[in-house]
Amino acid sequence: MFNKYKLSKFCSEQRGLLLQLAYSWCHDRVLAEDLLQDALVKALKNISKVKHSKAIKAWFIQIMLNCWRDMLRKKQDLRDIDELVSDDSNSLDNDSHLYEKLTPEESLYQKELQLNVKKALSRLSVKYRTVLTLVDIYGASYTEVSVIIDAPIGTVMSRVSRAREELRKYLTVEPDLERVVPLYNRPVVRGDE
Amino acid sequence: MNSNEQFSVELLNAYIDGELSAEDELELLEAMQKDTSLLKRINELKRMKLLVKNTYLPSAKQPDSFTKYRQLKFSVLASALLSVGIAGGWYSHHYTSVYTVPNSRVSHIDTSLDTVKVKEPWNIVLHVNSNDPYVQKTILDETESLLESFKQSKEKVKVEIVAYGKGVYLFDSKKTQYKQRLKSLKNSFNNLSYAVCGRTVTRLEKNQGRKIKLISKMTVARSGIYQIIKRQKQGWNYIRI
């Protein structure tokens, strides 16, 4: 039998992952937390509908997905992707410099790369993005995804591969010219020295 | 056939996500060894997966996972070097051509990629070369308990039983005593595969003047010994029961 203790256990165990997932959908730390909170409230209300505790993962993510869809529909003060500027005060890792043992150049390159991935991901359509984030970030199996989005496994497979293909396109087609080249990698110009 | 046409993008993606059945995965791994363009495609897909995954990891945890990758990379490198020493020239050529990272400026995310292919879980190859029902039963029992324990611990492990010599009779659908058992084992674990020595089968057919009908869904290898050595080269563990 499924009860709210099991739900709270699930949520506390999975909080990090669920938050990453929510963040990858809306790209805003505060919104992601709201999303998780909303999902939890809805889950608590409907807890009697869950027959088996094995189904909880898919069920909870389904609720969270619906919350996100609602959020998109209401157009609730969503940050546009253009605002995803490199000052990541709103991302999950705003205190990263305290932990990273990287040189400034490496750290910068890392940040740029991550920003590009985020931008590329948010250019994907919602159905592709959902499937890809579930598989790559949450680590769900194809079967679980097929339950969550209520579609056959074949659909999941084709969506995953199309999503990756599109992502690759967005990441590679855009010219790399803007990237800051670290000093030691710049070609030496005669007469500079 | 060109393996790029043989495998669909969906299949390659399913491989990256660990969703392929043991049989399909074996086939793909074999094709990958022959075809570097296929390997390149797969690595590109893996790169996409890891980029997405790493981008959304909370940073505070990143140093840990990165050092883990580094350690893993180091150990993989070390083991690769060791096997290079043992296996000789052609093998080392294979490794260096496949795992060289072309661009030295790529960061951790990229460099961690070359570990992924080798980061295969510990797979196990068992062999049977006896027609003794007791020995055969022991092997099947051991296989089942192995698979069961891996299933419970949720580890992704592949097990293959290779038969040669008199062990071939285990898979001969006319002579075997364990036809049902083999079938039900195969059905309940999709990470289990059977292989039989092609040379023994031809020899037996020639000696006994009959066509040997093997049980369904099994591989006929070039030879049993070759199959076992091949698996060991691929990093599988060989266990004699």
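Residues numbered from 1 in each chain as written. Chains lettered and ligands numbered in written order. Predicted model: local features only at pLDDT ≥ 70, side-chain atom pairs only at ≥ 80, totals over all residues.

1. Quick notes on the overall build of chain B
The secondary structure content of chain B amounts to 12 helices and 5 strands. Intrachain contacts of chain B at a sequence separation of at least 6 include 74% that bridge at least 24 residues. (Helix = DSSP H or I, 4+ residues; strand = E, 2+ residues; numbered from the N terminus. Contact = placed C-beta atoms within 7 Å.)

2. Notes on the nonpolar core
Grouped together as the largest cluster of nonpolar side chains are 47 residues, with contacts concentrated most on Ala22(A), Leu35(A), Met64(A), Val131(A) and Val145(A). Considering every element that reaches this core, the biggest residue donor is helix H3 (residues 56-74) of chain A, with 7 residues. In contact with Val145(A), other than residues within four places in its own chain, are Val131(A), Leu134(A), Val135(A), Ala140(A) and Val156(A). In this structure, Val157(B), Ile161(B), Val168(B) and Ala195(B) belong to the second largest nonpolar core, which totals 23 residues. (Core = buried A, V, L, I, M, F, W, Y, C linked by C-beta atoms within 7 Å. Buried ≥ 20, exposed ≤ 12 C-beta atoms within 10 Å, placed from the backbone.)

3. With respect to helix H3 (residues 22-34) of chain B
All names here are of chain B. With 13 residues, H3 ought to run about 18 Å at 1.5 Å a step, and its terminal C-alpha atoms sit 19 Å apart, in line with that. Of all the positions in H3, only Glu25, Leu28 and Met32 are classed as buried. Down the axis of H3, the smallest arc covering the buried residues is 65 degrees, so these residues share one side. Here the buried face of H3 lies against helix H2 (9-16) and helix H4 (36-55). (Expected span 1.5 Å × (residues − 1). Arc of directions from axis to C-beta.)

4. Regarding the confidence of the model for chain A
Scored by pLDDT, chain A has a mean of 77; 74% of the residues are at 70 or more. Ignoring residues within four places in sequence, the model shows residues 175-193 of chain A, a span with pLDDT below 50, making 5 contacts including any to other chains. (pLDDT = per-residue confidence, 0-100.)

5. Some points on helix H2 (residues 29-45) of chain A
Spanning 17 residues, H2(A) covers 25 Å between terminal C-alpha atoms, matching the ideal 24 Å at 1.5 Å per step. Among the structural elements, helix H1 (4-26) and H3 of chain A are those in contact with the buried residues of H2(A).

6. Describing the confidence of the model for chain B
All names here are of chain B. Of the residues in chain B, 72% reach a pLDDT of 70 or more, and the chain-wide mean stands at 76. Here residues 60-70 is modelled with pLDDT under 50, and outside its nearest four sequence neighbours on either side it reaches 12 contacts, counting other chains as well. Throughout residues 94-119 the model reports pLDDT below 50, and contacts reaching past four residues in sequence, or to other chains, amount to 36 contacts. Our summary of model confidence lists the complex with pTM equal to 0.50 and ipTM equal to 0.73.

7. A word on the pairing of strand E1 (residues 124-128) of chain B
All names here are of chain B. With 4 of its 5 residues buried, E1 lies for the most part within the structure. Bridge count between E1 and strand E2 (residues 159-163): 5 bridges; the pairing is parallel. Of the residues in E2, the one forming a bridge with isoleucine 124 is valine 159. Handedness of the crossover is the feature at issue here: the chain leaves E1, passes through helix H9 (residues 133-152), returns alongside E2, and the resulting connection is right-handed. (Pairing = 2+ DSSP bridges. Right-handed = clockwise from strand over helix to strand, strands pointing away.)

8. Quick look at the packing of H1(A) against H3(A)
Residue and element names in this part refer to chain A. Packing of H1 against H3 brings their axes to within 12 Å, and their N-to-C directions diverge by 35 degrees. Two packed elements cross with a definite hand, and for H1 against H3 that hand is right-handed. Mapping the contact onto sequence places Phe10, Leu18, Ala22, Trp25 and Cys26 in H1 and Ile56, Phe60, Met64 and Trp68 in H3. Its residues placed into classes, the contact of H1 with H3 shows 9 nonpolar, no polar and no charged. (Axes fitted to C-alpha atoms, helices over the stretch in contact; angles between N-to-C directions. Left-handed = near helix turned anticlockwise from the far one by under 90°. Nonpolar A, V, L, I, M, F, W, Y, C, P; charged D, E, K, R; others polar.)

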